[in-house]
Amino acid sequence: MDTPAPLAAGEAEARRLDAADPGHRHLFHVPPAEGGRYPEVAYLAGNSLGLQPRATRTELLADLDAWSRLGVEGHLEAERPWLPYHELLTGPAARLVGARPAETVVMNSLTVNLHLLMVSFYRPAGARTRIVIEDSAFPSDSYAVRSQARFHGLDPDETVVRLRPRPGEDTLRTEDVTGYLAAEGDRVALVLLGGVNYLTGELMDIPAITAAGRAAGAVVGWDLAHAAGNVPLALHDWDVDFAAWCSYKYLNSGPGALAGVFVHERHLGDPGLPRFEGWWSTEAATRFEMTPVSRPPATVEAWQISNPPIFAMGPVRTSLEIFDAVGMTALRERSVRLTGYLERLLDEVTVTRPLTVVTPREPERRGCQLSVRIGAGSAAELTKRLRHEHGVIADAREPDVVRFAPVPLYSTYHDCWRVATALAATVGEVPA
């Protein structure tokens, strides 16, 4: 007997898979559904904003209680003292991205951190002025690099190189990136790509591109907004110069959460690197000597400027503890299974409908995201219908891409089945 296709196998098959491979949904608050026949949403928008861990409220309230009980003395006497609070996040963040603690710090927001890092690492000189990004980079990255070019008195239209996929393709080939660097690398000052492309979900070959960029004499940095907490990373071993990431997507730390920074240890303590400084850039041991000249430590903490916002750090700490407990290896293994299952379901739906999955099919070339291009209508209108008619939350990127992220921490096989059946019910088939 032929094995039924996943969609035809139905809800019972999805429930069976969940029983065998349950994930950690119980650790999170799942919003109630506003449509459909299930009490909770099928939430596949964790690549835009992750769900709230159940522990976040309790632990954040404990930090608030310390303020109410201790006032300023909480800096030293709180259960989690505020003065060294940021150090509680350093180890888990370093383990998450494959870095050493001295190379890792949580601070500010993503684009602020990219600018602070480019102060140090984008140093155009002579013919070497170009900044290489992907054409489908997140707009904030485009704005940031163009403004950096202008800041240095350069024309951003000439300075910023936007690498595009080949005609008829949706994603960049690694050989096209490394080929450009081999041919034009002597004019490239900075390579700054997204580790996982926000639009297509493509996982770039970070070690290969980093090696090619550094061989060409360029500095190589990475925006890991869609990679941190999504795919295993080894930033130190891959010889990445610097990286930055946000914490509100896969890291589930709340809207606008504090971001992370990595600077390779070979740059730490380098007195020749320009860097903006502030109160938290100087050595902790001498900070309260109140001297007028900073004495920065030989760690990435030298890139800090202001004292950290404790109540913003709390949710990041809570989330990182979950990743430490579960481990990226186990999450990646479940991610491959869950995303592969959703892909098989979507294959059944898209074959007769004006829908195309643009994310690479090879598991090693993607994270936990499948992007679907719709052939007619508005992506925003489609996601609105999925939510209000079927209780499915996905993310629209106008004009024509809907992104589905089966996050291994809390998404289920049943969520994936609901997505596929909702798409099948919402998008009409193409007449034969």
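About the criteria used
Residues numbered from 1 in each chain as written. Predicted model: local features only at pLDDT ≥ 70, side-chain atom pairs only at ≥ 80, totals over all residues. Heavy atoms only, no water. UniProt positions renumbered as here; feature names shortened; annotations may be inferred. Helix = DSSP H or I, 4+ residues; strand = E, 2+ residues; numbered from the N terminus. Rg over C-alpha atoms; globule rule 2.2 N^0.38 Å. Buried < 20%, exposed > 50% of the residue type's maximum accessible area, 1.4 Å probe, protein only. Areas by Shrake-Rupley, 256 points an atom, 1.4 Å probe, with all protein chains shown as cover. Lys, Arg positive; Asp, Glu negative; His and termini not counted. Charge placed at Lys NZ, Arg CZ, Asp CG, Glu CD. Core = buried A, V, L, I, M, F, W, Y, C linked by side-chain atoms within 4.5 Å. Domains from an automatic or database assignment. Contact = heavy atoms within 4.5 Å. Salt bridge = Lys/Arg side-chain N within 4 Å of Asp/Glu carboxyl O. 1 Å grid on protein atoms, 1.4 Å probe; cavity = no way out; pocket = protein on both sides within 12 Å on 5 of 7 lines; lining within 4 Å. Points joined across faces, edges and corners; volume = space filled by probe spheres on them. Nonpolar A, V, L, I, M, F, W, Y, C, P; charged D, E, K, R; others polar. Pairing = 2+ DSSP bridges. Axes fitted to C-alpha atoms, helices over the stretch in contact; angles between N-to-C directions. Patch = residues over 30% accessible without salt bridge, like charges linked within 9 Å, V, L, I, M, F, W, Y side chains within 5 Å.

- In the annotation of an unreviewed UniProt entry, the protein chain is listed under the name Kynureninase and assigned to Micromonospora echinaurantiaca.
- The record held by UniProt for the protein chain lists under Sequence similarities (unreviewed entry) the comment "Belongs to the kynureninase family."

Here's the deal with the overall build of the protein chain
Stage number 1. Within the protein chain one finds 13 helices and 13 strands.
Stage number 2. Taken over the C-alpha trace, the protein chain has a radius of gyration of 23 Å; the compact-globule value for 432 residues is 22 Å, and the two agree within 12%.
Stage number 3. Taken over the C-alpha atoms alone, the protein chain extends approximately 75 × 60 × 35 Å along its principal axes.
Stage number 4. Here the protein chain holds 432 residues, and 53% of them are scored as buried.
Stage number 5. Carbon and sulfur atoms make up 55% of the accessible area of the protein chain, which totals about 18200 Å².
Stage number 6. Between the centroid of the 42 positive side chains of the protein chain and the centroid of its 54 negative side chains there is a distance of 2 Å.

As for the nonpolar core
Stage number 1. Trp-222, Leu-224 and Leu-409 are the most contacted members of the largest nonpolar core, which totals 65 residues.
Stage number 2. No fewer than three residues from each of domain 1 (11–53 + 327–426) and domain 2 (86–307) sit in this core.
Stage number 3. Aside from chain neighbours lying at most four places away, what touches Leu-224 is Gly-195, Ile-206, Leu-233, Leu-235, Ala-243, Ala-244 and Trp-245.

Observations concerning the pattern of salt bridges
Pairs may arise between side chains of opposite charge once their charged atoms sit close together.
Stage number 1. Following the criterion strictly, the structure yields 37 salt bridges and no others.
Stage number 2. Between Arg-295 and Glu-289 there is a salt bridge, with the nearest N and O atoms lying 2.6 Å from each other.
Stage number 3. The class for Glu-289 is partly exposed, based on a relative accessible area of 48%.
Stage number 4. One salt bridge connects Asp-347 with Arg-361, and the closest N-O pair in it is separated by 2.7 Å. Of this pair, Asp-347 sits in helix α11 (residues 328–350) while Arg-361 sits in the loop between β9 (355–357) and β10 (370–374), and the two are 14 residues apart along the sequence.
Stage number 5. Relative accessible area serves as the criterion here: at 49%, Arg-361 is assigned to the partly exposed category.
Stage number 6. By sharing partners, the salt bridges in this structure join Arg-214, Asp-239, Asp-241 and Arg-266 into a single network.

What about empty space enclosed by the protein?
Stage number 1. If you walk through the whole model with that rule in mind, you get 1 cavity of 30 Å³ or more.
Stage number 2. Taken as a whole, the largest cavity encloses approximately 30 Å³ of empty space.
Stage number 3. Along its surface, the largest cavity is lined by Gly-229, Tyr-250, Phe-323, Leu-331, Val-407, Pro-408 and Leu-409.
Stage number 4. Here the residues of the lining of the largest cavity sort into 6 nonpolar, 1 polar and no charged.

A look at the sheet that holds strand β12 (residues 395–397)
Through backbone hydrogen bonds, the strands of a sheet pair up, either in parallel or in antiparallel fashion.
Stage number 1. Pairing within the open sheet is antiparallel, and its 4 strands lie in the order β9-β10-β13-β12. The strands lining the two open edges of the sheet, one partner per strand, are β9 and β12. Each adjacent strand pair in this sheet contributes to an overall mean axis angle of 30°, direction not counted.
Stage number 2. Packed onto the sheet, α11 meets β9, β10 and β13 (401–404) and runs at close to 15° relative to β10.

What about the UniProt feature "modified residue: N6-(pyridoxal phosphate)lysine" (unreviewed entry) in the protein chain?
Stage number 1. Taken from the UniProt record, the annotation "modified residue: N6-(pyridoxal phosphate)lysine" (unreviewed entry) applies to Lys-249.
Stage number 2. Note that Lys-249 resides in the loop between β7 (242–245) and β8 (259–263).
Stage number 3. Accessibility expressed as a relative area gives 8% for Lys-249, which makes it buried.
Stage number 4. Those residues in contact with Lys-249 that sit more than four places away from it in its chain are Gly-46, Asn-47, Ser-48, Leu-49, Gly-50, Ala-225 and His-226.

Some thoughts on a nonpolar patch on the surface
Stage number 1. Taken together, Leu-61, Leu-64 and Trp-67 make up a surface patch of nonpolar side chains, about 300 Å² in accessible area.
Stage number 2. Among the secondary structure elements, Trp-67 is positioned in helix α2 (residues 54–70).

A look at the UniProt feature "binding site: pyridoxal 5'-phosphate" (unreviewed entry) in the protein chain
Stage number 1. Those residues carrying the UniProt feature "binding site: pyridoxal 5'-phosphate" (unreviewed entry) are Leu-110, Thr-111, Phe-138, Pro-139, Ser-140, Asp-141, Asp-223, His-226, Tyr-248, Trp-279 and Asn-307 in this numbering. In summary, the annotated positions, distributed over 198 residues, remain apart in three dimensions as well, the widest C-alpha pair reaching 31.1 Å.
Stage number 2. Checked against the element boundaries, Ser-140 lands in helix α6 (residues 139–151).
Stage number 3. Along the chain, the position of Tyr-248 falls in the loop between β7 and β8.
Stage number 4. Ignoring sequence-local partners within four residues, the contact set of Tyr-248 consists of Ser-48, Leu-49, Gly-50, Ser-253, Gly-254, Pro-255, Gly-256 and Ala-257.

Comments concerning the sheet that holds strand β3 (residues 130–134)
Stage number 1. Strand order in the open sheet made by the 7 strands is β2-β8-β7-β6-β5-β3-β4, with mixed pairing throughout. Here the strands that pair on one side only, and so sit at the sheet edges, are β2 (104–107) and β4 (160–163). On average, adjacent strands in this sheet sit at an angle of 20° to one another, irrespective of strand direction.
Stage number 2. Bridge analysis of β2 against β8 gives 4 bridges, and the strand direction is antiparallel. Residue pairing for β8: Thr-104 is matched across the bridge by Phe-262.
Stage number 3. On the sheet, helix α5 (residues 110–121) packs against β2, β5 (188–194), β6 (219–223), β7 and β8 and is oriented at approximately 170° with respect to β7.

Some details on the side chain of Thr-159
Stage number 1. Its location among the elements puts Thr-159 in helix α7 (residues 156–159).
Stage number 2. Residue classification places Thr-159 among the buried residues on the basis of a relative accessible area of 4%.
Stage number 3. Thr-159 has contacts with Tyr-122, Thr-129, Arg-130, Ile-131, Ala-149 and Leu-154, leaving out every residue within four places of it along the chain.

Quick word on the environment of Pro-399
Stage number 1. Summarising the element assignment, Pro-399 is placed in the loop between β12 and β13.
Stage number 2. In this structure Pro-399 touches Gly-377, Ser-378 and Ala-379, once residues within four positions along its chain are discounted.

Considering the pairing of β13
Side-chain direction in a regular strand flips from residue to residue, so the side chains alternate between the two faces of the sheet.
Stage number 1. The alternating pattern of β13 places Val-401 and Arg-403 on one face and Val-402 and Phe-404 on the opposite face, and all of these are buried.
Stage number 2. Relative to β13, β10 runs antiparallel, the two being bridged by 4 bridges. For Val-372, the partnering residue across the bridge sits in β13 and is Val-402.
Stage number 3. As judged from the 3 bridges shared by β12 and β13, these two strands associate in the antiparallel manner. If you follow Asp-395 over to β13, its bridge partner there is Arg-403.
Stage number 4. Count of turn residues in the β12/β13 antiparallel hairpin: 3 residues.

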